[in-house]
Amino acid sequence: MRIFIDSANIEEIQEINRMGFLHGVTTNPSLVAKEKRDYHQVIREIAAIVDGPISAEVISLELRDMLQEAEKLADIHPNVVIKIPLTANGLQAISILNQKEIATNATLIFSANQALLAARAGAGYVSPFIGRVDDNGNDGMKLLEDIVSIFDQYMIDTEIIAASIRHPMHVTQAAKIGSHIATIPYKVIMQMIQHPMTDAGIEKFLSDWKQSI
Ligand code: G3P
């Protein structure tokens, strides 16, 4: 499973990118709004840091506006992937952008059927929102498992991004299920790195070392 960061914060992305395991970035309108900066400039800076797919989301809901926005975002850098919400217009936009060879990531996926339709319309990626499914009293991992199994069964090459990850166990479970990618917030990546036994082990090694000299 490849690791993406779910962030629009340049410092976070730089810090995580330096560790060598990052394969891409996803953003969404809420994450970009938090930065209070020019949207296109943020995407441009991210694309200069990370050598991998960078998802940038359209805000419009009308097809024509979605396509206009998508083309402007795609012009920023060849690695930009257009994130499109899963609506009827969104599916049309995915199909048209696919014909123009512009990569898309179908977002706000809450059912296996939505993922299947997005894949068949030509989405390069689908993003099931695991944490938000859990928030609603349902099982986000079951949704991910269903999508993985359907895509495997029909040899669909659309990649699955486990999104709306809330804690490290979501990442482990997504990897076991066979998600191609997990997009993970900075805080959760830092939680994945840390383990109290690692800290205790370092402390013990250092104190033993100091006693021997
Ligand atoms: O970027 C899409 C998704 O990861 C959002 O996560 O935590 O706002 O549900 P969250």
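Refer to the preceding data block for the structure.
Conventions used here
Residues numbered from 1 in each chain as written. Predicted model: local features only at pLDDT ≥ 70, side-chain atom pairs only at ≥ 80, totals over all residues. Heavy atoms only, no water. Helix = DSSP H or I, 4+ residues; strand = E, 2+ residues; numbered from the N terminus. Rg over C-alpha atoms; globule rule 2.2 N^0.38 Å. Buried < 20%, exposed > 50% of the residue type's maximum accessible area, 1.4 Å probe, protein only. Contact = heavy atoms within 4.5 Å. Pairing = 2+ DSSP bridges. Axes fitted to C-alpha atoms, helices over the stretch in contact; angles between N-to-C directions. Parallel < 35°, antiparallel > 145°, perpendicular 65-115°, else oblique. Left-handed = near helix turned anticlockwise from the far one by under 90°. Nonpolar A, V, L, I, M, F, W, Y, C, P; charged D, E, K, R; others polar. Near = heavy atom within 4 Å. Polar contact = N/O pair within 3.5 Å; in protein donor to acceptor, adjacent residues only side chain to side chain. Areas by Shrake-Rupley, 256 points an atom, 1.4 Å probe, with all protein chains shown as cover. 1 Å grid on protein atoms, 1.4 Å probe; cavity = no way out; pocket = protein on both sides within 12 Å on 5 of 7 lines; lining within 4 Å. Sits in = over half its atoms within 2 Å of the grid points.

(A) Representation of the overall build of the chain within the structure. Within the chain, the secondary structure is distributed over 11 helices and eight strands. The C-alpha radius of gyration of the chain comes to 19 Å, within 12% of the 17 Å expected for a compact globule of 213 residues. In terms of its C-alpha atoms, the chain occupies a principal-axis envelope of roughly 70 × 40 × 30 Å. Burial status across the chain gives 47% buried among its 213 residues.

(B) Geometry of helix α6 (residues 112-121). Inspection of α6 places Ala112, Ala115, Ala118, Ala119 and Ala121 among the buried residues, and these make up the whole buried set. In this structure, the buried side of α6 is in contact with α5 (88-99), β5 (104-109), β6 (125-128) and α8 (140-153). Directly after α6, the chain includes glycine 122, whose backbone phi takes a positive value near 115°.

(C) Examining the sheet that holds β6 more closely. In spatial order, the strands read β1-β2-β3-β4-β5-β6-β7-β8; together these eight strands close into a barrel with parallel pairing. Looking at each pair of strands side by side, their axes are set apart by 25° on average, direction ignored. Looking at chain direction, β6 and strand β7 (residues 159-162) are connected through two bridges and run parallel. Pairing of tyrosine 125 across the sheet is with glutamate 159, part of β7. Strands β3 (54-57) and β4 (80-85) of the sheet are contacted by helix α4 (residues 63-76), whose axis makes an angle of about 155° with β4. In the packing of helix α10 (residues 186-193) onto the sheet, contacts are made with β1 (2-6) and β8 (181-184), and the angle to β8 comes to roughly 110°.

(D) Examining the packing of helix α1 (residues 10-17) against α10 more closely. Interhelical geometry of α1 versus α10 gives an angle of 30° and a closest axis separation of 11 Å. Relative to α10, the element α1 lies roughly parallel. Like other packed secondary-structure pairs, α1 and α10 cross with a definite hand, here left-handed. In contact with Glu12, Glu15 and Ile16 of α1, α10 contributes Tyr186, Ile189 and Met190. Along the lines of polarity and charge, the residues of the contact of α1 with α10 split into four nonpolar, no polar and two charged.

(E) Quick look at the site of the ligand. All residues adjacent to the ligand are Asp6, Asn28, Lys83, Phe129, Arg132, Ala163, Ser164 and Arg166. Serine 164 is positioned with one of its side-chain polar atoms (N or O) 2.7 Å from an oxygen atom of the ligand. With respect to the ligand, the side chain of arginine 166 contributes an N or O atom lying 2.8 Å from an oxygen atom. Notes on the ligand: free accessible area 310 Å², of which the protein chains cover 84%. Mapping the ligand onto the cavity grids shows that it belongs to the largest pocket. Of the residues that constitute the shell around the ligand, the class distribution is two nonpolar, two polar and four charged.

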